[in-house]
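Structure assessment
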Amino acid sequence: MAENESFNTKIIMAGADREQWYNCTRLPKIQDDYRLHLSCVRNIFEALVRRGLIEPDPYKKENKVTSIQTPDTTPFNDNERPQVLGLRLSDYESVIDYVCNYMRFSVEMLSIDVIKKMLELNNAFSWNNLSLNSTRSNTRALATVINELKNNADQLTLSMIKDNTVKTQNAITEITDVLKGLAEFQKERYKLEIRKNILENSSFDKGKAYASTQGMVTEIRRLFTSCMQKRPLINELIMEVAAEETAPNKEELQQALLAKLQVKEESAEAKVQKIDTHTILMEALRLVGTTYDSYKVIYEKIMANHAIMQSGKKSFKQKFLKLIRAIFGLDEPPVEYEVTLTDKKSDTKRKELIFYNDFSSGLLKRIKIYSAFATKDTPGYNKINQQKDESILEYLNKQMTENNHLFALIIGLDDYFKNNVAPLNRSKIKGCSMELTTIKNILVKANQQRTDYVAYTEEAEQMKKLGI
């Protein structure tokens, strides 16, 4: 009996180590995987919307997600694809966003029921098997529109599709593996609770329990309601505990259980892997470059909104002056927009003038520059890649600062157009919120890469000074 008590102590400690490993290592990793997956889904979604292959849910912002809900997976006709697939992808993106930003990734919170819902959500679209012949309506429809998106697409779009598809497939694979492993651990955690709350309880009759396997089962059931409040009685798992404590092959079962709960340490060789800081820095800059696609859409929307604003101001006098300028080849007078910028840290507001011609030409120039190094192994990317890290970091810092200011200006201009357009033209104004969200997510990732680069280089410098 003392031997059984010793094993009980060992297994409880092993379970605690395993739980800590999940909370500190595996679950934070899959939360990052979910964030990567969300970013990839948004990139693909926006590209499909721009090509008119799907229609986003117009009421998406009004639908508040408060729990994990799997999008509809029922069959639909091909002629309904743009609307139905757009709606289901919108729902899917919203729920993944909820998972990323509102759920707590811990062993305690991710019960077997929650894990089951997460796995069902992950399978709403078969990301690892996007086949035109899929028997699943959502997957087949998504594969179809992605295939259509590739037709007549430029090299950058093709690269974006491939990159985001591969990344999301890898992320979903790791998430699924970890969740399935966690589901198994939750069963062992349930058994550990039986050991702690019942087998170590002062009312537990060890004499009767250890006399036979059935005696152990009977004794656990006797105390279950009082010791395991709010936990369902799972007969199969109770039988496993009884077998591990009393069965003829209990030593074999116990060793298998200890091995199952053991946390494997990383090998020293893996820990000492050299980090390529130059690659991290270039990835940060490349990520900034990928914003060009969203900036391009914003540029087109601002051009259209500007035209609407100016059309509403065409009095007879203005039309006459425009005609005179056209006859004599005179330039159009500069257009100014006074926008309101909000400092998020201090919540203070200030006015700033946007000179439209300079702003639009500067934005177009930025789009062209960024598109040149947004993809690896292109002439623009390779040219920067050959420079010293100090120069690349300086350029990256400059771009991050400029992007933050540009981001604020676009928000201000977006608000200006919406608030100052003539009432008859209000429905024609195109908002930039979706593209701004995409840019923000990309810049957050780029900034994280930049932070990692600085941390690694500072650590390397410090170790060099210490002679390590």
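Predicted, not measured: the structure shown is a model, and the values here were computed from it.

What counts and what doesn't
- Residues numbered from 1 in each chain as written.
- Predicted model: local features only at pLDDT ≥ 70, side-chain atom pairs only at ≥ 80, totals over all residues.
- Heavy atoms only, no water.
- Helix = DSSP H or I, 4+ residues; strand = E, 2+ residues; numbered from the N terminus.
- Buried < 20%, exposed > 50% of the residue type's maximum accessible area, 1.4 Å probe, protein only.
- Contact = heavy atoms within 4.5 Å.
- Areas by Shrake-Rupley, 256 points an atom, 1.4 Å probe, with all protein chains shown as cover.
- Pairing = 2+ DSSP bridges.
- Axes fitted to C-alpha atoms, helices over the stretch in contact; angles between N-to-C directions.
- Parallel < 35°, antiparallel > 145°, perpendicular 65-115°, else oblique.
- Nonpolar A, V, L, I, M, F, W, Y, C, P; charged D, E, K, R; others polar.
- Salt bridge = Lys/Arg side-chain N within 4 Å of Asp/Glu carboxyl O.
- Core = buried A, V, L, I, M, F, W, Y, C linked by side-chain atoms within 4.5 Å.
- Phe/Tyr/Trp six-rings, centres within 6.5 Å; stacked < 30°, edge-to-face > 60°.
- Left-handed = near helix turned anticlockwise from the far one by under 90°.
- Polar contact = N/O pair within 3.5 Å; in protein donor to acceptor, adjacent residues only side chain to side chain.

1. Points about the overall build of the protein chain
- If you tally the helices and strands in the protein chain, you get 17 helices and 2 strands.
- Across the 468 residues in the protein chain, those meeting the buried criterion constitute 42%.
- Within the protein chain, contacts between residues at least 6 apart in sequence are counted, and of these 77% link residues at least 24 apart.
- When the accessible surface of the protein chain is split by element, carbon and sulfur atoms take 51% of a total near 26,600 Å².

2. Let's talk about the pairing of strand β2 (residues 348-355)
- In this structure, strand β1 (residues 336-343) lies alongside β2, joined through 8 bridges in antiparallel fashion. The residue bridging Thr340 from the neighbouring strand is Lys351, located in β2.

3. Let's talk about the environment of Tyr456
- Among the secondary structure elements, Tyr456 is positioned in helix α17 (residues 433-465).
- Taking C-alpha positions, Tyr456 is 7.9 Å from Ile275, a pair spaced 181 residues apart along the chain.

4. With respect to the packing of helix α2 (residues 81-102) against helix α4 (residues 137-150)
- At a closest axis distance of 11 Å, the pairing of α2 and α4 adopts a crossing angle of 110 degrees. The orientation of α2 with respect to α4, classified from their angle, is roughly perpendicular. Between α2 and α4, the residues in contact are Arg81, Leu85, Arg88 and Leu89 and Asn138, Ala141, Leu142, Thr144, Val145 and Glu148, respectively.
- Of the residues belonging to the contact of α2 with α4, the class tally is 5 nonpolar, 2 polar and 3 charged.

5. Quick notes on the pattern of salt bridges
- Applying the stated criterion across every chain yields a total of 28 salt bridges.
- Linking Asp78 and Arg81 is a salt bridge whose minimum nitrogen-to-oxygen distance equals 3.4 Å.
- Judged by its relative accessible area of 55%, Asp78 is exposed.
- Judged by its relative accessible area of 15%, Arg81 falls in the buried class.
- Residues Glu219 and Arg222 are paired through a salt bridge, measuring 2.4 Å at the closest nitrogen-oxygen approach. Here Glu219 pairs with Arg222, and both are found in helix α7 (residues 213-227), just 3 residues apart, close to one helical turn.
- Exposure remark for Glu219: the relative accessible area of 5% places this residue in the buried category.

6. Remarks on the nonpolar core
- Within the largest apolar cluster, 55 residues are counted, with the highest numbers of intra-cluster contacts made by Leu27, Tyr34, Leu48, Tyr92, Val99, Phe105 and Met118.
- For this core, the leading source of residues is helix α1 (residues 2-50), giving 14 residues.
- Sequence-distant contacts of Val99, defined by excluding residues within four places in its chain, comprise Tyr34, Ile68, Phe105, Met118 and Leu121.
- Membership of the second largest hydrophobic core comes to 48 residues, among which are Tyr295, Met309, Ile384 and Leu396.

7. Brief notes about the side chain of Asp57
- Its location among the elements puts Asp57 in the loop between α1 and α2.
- In this structure Asp57 comes out as buried when scored by relative accessible area, which is 11%.
- Setting aside residues up to four positions removed in sequence, Asp57 forms contacts with Asn63, Gly86, Leu87, Ser90 and Asp91.

8. Topic: the environment of Glu435
- By the secondary structure assignment, Glu435 is in helix α17.
- Sequence separation of Glu435 and Thr401 is 34 residues, and the distance between their C-alpha atoms is 19 Å.
- With residues near it in sequence (within four places) discarded, Glu435 still touches Ser294, Val297, Ile298 and Lys301.

9. Some words on the packing of aromatic side chains
- One pass over the full model with this rule turns up 14 aromatic pairs.
- Seen in terms of ring centroids, Tyr190 and Phe224 are 6.4 Å apart; in terms of plane orientation they differ by 40 degrees. Their pairing is tilted. Here the residue Tyr190 occupies a position in helix α5 (residues 155-199), and Phe224 occupies one in helix α7, the gap between them amounting to 34 residues. Pair check on accessibility: Tyr190 and Phe224 agree, each one buried.
- Three or more aromatic residues joined by ring pairs make a cluster, and in this case those are Tyr337, Tyr356, Tyr416 and Phe417.

10. Topic: the packing of α5 against helix α9 (residues 250-261)
- In contact at an axis separation of 12 Å, α5 and α9 are set at 120 degrees when each is read in the N-to-C sense. As judged from the angle between their axes, α5 and α9 are oblique. Of the two possible hands of crossing, α5 and α9 adopt the one that is left-handed. Contact residues: α5 offers Glu184, Phe185, Glu188 and Arg195, while α9 offers Leu257, Lys260 and Leu261.
- Partitioned by chemical class, the residues of the contact of α5 with α9 number 3 nonpolar, no polar and 4 charged.

11. Quick look at the side chain of Arg88
- Mapped onto the secondary structure, Arg88 falls in helix α2.
- Judged by relative accessible area, Arg88 falls into the buried class, the value being 5%.
- Among the polar contacts listed, one links the side chain of Arg88 to the side chain of Asn138, at a separation of 2.7 Å.
- Apart from residues no more than four positions distant in its own chain, Arg88 is found in contact with Pro71, Asp72, Thr73, Thr74, Phe76, Phe125 and Asn138.

12. Structural notes on unusual backbone geometry
- At Asn152, a position not held by glycine, the phi torsion is positive, near 60 degrees.
- Assignment of secondary structure puts Asn152 in the loop between α4 and α5.
- We note that Lys230 has phi near 65 degrees; this positive angle belongs to a residue other than glycine.
- By the element assignment, Lys230 lies in the loop between α7 and α8 (235-246).

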